[in-house]
Every structure is written in structure tokens, then in C-alpha cells.
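The chain contents come next:
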Amino acid sequence: MRIPLPKLRELVEAVRAVVKGPFTTKFPKAVDSVHPNFRGILKFREENCLCCGACVQVCPTNAREIVIDRAKGVKRNIHYAERCIYCSQCVLHCPNDAIYHTPEFDLSRTERGGWETSLEKQLVYCELCGEPFATREHLLWIAHRVGDLVNSNPTLFLTLYQSLGVAAPQEAPAGALPYRSGTLRILCPDCRRKTYMTEEWGY
Ligand code: SF4
Ligand code: SF4
């Protein structure tokens, strides 16, 4: 009798399994190691995050969100793992190495909730219009990167001075219009533009 080739291969594999042991692993009792570049469950390096929102911009599945919480005075960076496809775009485009893949791959769950991870960073408010426009960490990160050029931008050098304890925050004056005399304040981009443009061009 002639044995068909696929059956013969099955027979060979069965004999090999008896001698060498099964091909399958004992997951979840025993977990195999993964390749060093494996894109597993994502985590934050919380101390590095600036809440800049770059990861939100590049995420193709809306698995990331930045929320402004005025009551708490923070920006919240949220990762919804159930929407994540592990494409790694957020890791690639994060400017401060604040996201990384772990080697963890076991995503099986019985419950629907509990997939979010998040972190919070302190908001900075415009000292003219009073609107939040960045986080303290983000402004300090830029201030350190631009070096001596920090002295050309009052928002950056005042944030830096405040972090060093040599400048105090200023209250946004009620009803004040952006004008050249208000440039030495921490200002949002819109008020910064207006303070410079008003005197020369009007608006
Ligand atoms: S620093 Fe990185 S993780 Fe934080 S918001 Fe920006 S891109 Fe996202
Ligand atoms: S790995 Fe891809 S899908 Fe997941 S959060 Fe990052 S950018 Fe979004």
C-alpha cells in the first residue's frame, strides 16, 4: 500500500514528537521568550512625557488622547490599549523617548474595562488671556534644548526662572488687551503674536 506524502509527513512528525517532545509550548504555564524587537504591550516612561500630543497626532487608530482637565490643572495623556494595533508610530515619533514596548504579549482578558493607562502633567496658563496652552515640562524641555536662544522668548525664560525660584507667576489682569508692555509675561502663542503686532500693525 502506498502512503500519501502528507500522511507520511504527519507520521514522521509524530515519531519526532515522541522522541523530542511536542512542538507546542506549555503557555500560559511556561512563557516563551520573544525577539528583542518584539512590539509588545506599551508603557509610558512617565518622567519623560511632555504631554506634547505628538503620539496622538500619529496614532492611526485613535488609541491615544490628550485631555485638558481644568479642574485639576493638568493635561492627561491616555492610552486605550484595546484600540492599539502595536504599529509603533507613537514610539517612533515621541520626541522624548516617553513610550516603549515591553516584551509582554498576553492580552487575553475576560473583562471589557481596565485597558487605559494614563499620566498627568501640570498645565501652564497664559498670563494674559488665562487659557491653558502647554505643560510646564514641555516649556522647560524646549527651554533646555534651545540653549542661549531661550533669552529671546519671555515665555521660555520666565518658565525656566520660575522653575529655579527666581521669578514668580503673574496673574492675568482682568480685561487687559495684548500690548507691547505685556510682553514680559508667560503668553500663549496667540497673545504673544498680538502683543508684538498690536503696536506696529494694529489688528
Ligand atoms: S512626550 Fe511622547 S508620550 Fe508624551 S505626549 Fe509627547 S509624544 Fe506622547
Ligand atoms: S502603537 Fe500604533 S496604534 Fe498603538 S498607540 Fe501607538 S501609534 Fe497608536
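Because the structure is predicted, anything quoted here is derived from the model rather than measured.

Draft legend 1. Quick peek at the overall build of the protein chain. In terms of helices and strands, the protein chain carries 6 helices and 6 strands. In sequence order, the protein chain lays out its α and β elements as α-β-α-β-β-α-β-β-β-α-α-α. Taking 203 residues into account, the globule formula puts the C-alpha radius of gyration at 17 Å, and the protein chain, at 27 Å, lies well above it. A principal-axis box enclosing the C-alpha atoms of the protein chain has dimensions of 100 × 35 × 35 Å. Evaluated residue by residue, the protein chain yields a buried proportion of 32% over its 203 residues. Expressed as a percentage of contacts within the protein chain between residues at least 6 apart in sequence, the contacts between residues at least 24 apart total 61%. For the protein chain, the exposed surface amounts to about 13700 Å²; the carbon and sulfur share of it is 55%. Mean positive and mean negative side-chain charge positions of the protein chain (26 and 22 charges, respectively) differ by 8 Å.

Draft legend 2. The site of ligand 2, seen in detail. If you check the shell around ligand 2, you find 14 residues, and the closest are Cys59, Cys84, Cys87, Ser88 and Cys90. A per-class count over the shell around ligand 2 returns 9 nonpolar, 4 polar and 1 charged.

Draft legend 3. Structural view of the site of ligand 1. Around ligand 1, the neighbouring residues are Cys49, Leu50, Cys51, Cys52, Gly53, Ala54, Cys55, Asn77, Cys94, Pro95, Ala98 and Ile99. Class assignment of the residues belonging to the shell around ligand 1 gives a composition of 10 nonpolar, 2 polar and no charged.

Draft legend 4. Spotlight on helix H1 (residues 5–20). The terminal C-alpha atoms of H1, which comprises 16 residues, lie 22 Å apart, in line with the 22 Å expected from a rise of 1.5 Å per residue. Positioned one or two residues after H1, Gly21 has a phi angle of 100°, which is positive.

Draft legend 5. Region of the structure containing the nonpolar core. Counting 17 residues, the largest nonpolar core has Leu42, Cys49, Cys84, Tyr86, Cys90, Ile99 and Leu119 as the members making the most contacts within it. Other than its neighbours up to four places away in sequence, Ile99 contacts Leu42, Lys43, Phe44, Arg45, Cys55, Arg64, Cys90, Val91 and Cys94. If you look at the next biggest cluster of nonpolar residues, it comprises 11 residues, including Val124, Val150, Leu156 and Ile186.

Draft legend 6. Layout of the sheet that holds strand E5 (residues 116–125). Reading across from one edge, E2-E3-E5-E6 is the order of the 4 strands in this open sheet, with antiparallel pairing throughout. Two strands lie at the open edges of the sheet, namely strand E2 (64–69) and strand E6 (132–135), each paired on one side alone. Neighbouring strand axes in the sheet, compared pairwise and without regard to direction, differ in orientation by 35° on average. Where strand E3 (residues 74–80) and E5 come together, 7 bridges link them in antiparallel fashion. Of the residues in E5, the one forming a bridge with Lys75 is Lys121. Where helix H4 (residues 136–146) meets the sheet, it contacts E5 and E6, and its direction lies at approximately 60° from that of E6.

Definitions and limits used
Residues numbered from 1 in each chain as written. Chains lettered and ligands numbered in written order. Predicted model: local features only at pLDDT ≥ 70, side-chain atom pairs only at ≥ 80, totals over all residues. Heavy atoms only, no water. Helix = DSSP H or I, 4+ residues; strand = E, 2+ residues; numbered from the N terminus. Rg over C-alpha atoms; globule rule 2.2 N^0.38 Å. Buried < 20%, exposed > 50% of the residue type's maximum accessible area, 1.4 Å probe, protein only. Contact = heavy atoms within 4.5 Å. Areas by Shrake-Rupley, 256 points an atom, 1.4 Å probe, with all protein chains shown as cover. Lys, Arg positive; Asp, Glu negative; His and termini not counted. Charge placed at Lys NZ, Arg CZ, Asp CG, Glu CD. Near = heavy atom within 4 Å. Nonpolar A, V, L, I, M, F, W, Y, C, P; charged D, E, K, R; others polar. Expected span 1.5 Å × (residues − 1). Core = buried A, V, L, I, M, F, W, Y, C linked by side-chain atoms within 4.5 Å. Pairing = 2+ DSSP bridges. Axes fitted to C-alpha atoms, helices over the stretch in contact; angles between N-to-C directions.

On their own, these measurements won't tell you what the molecule is for.
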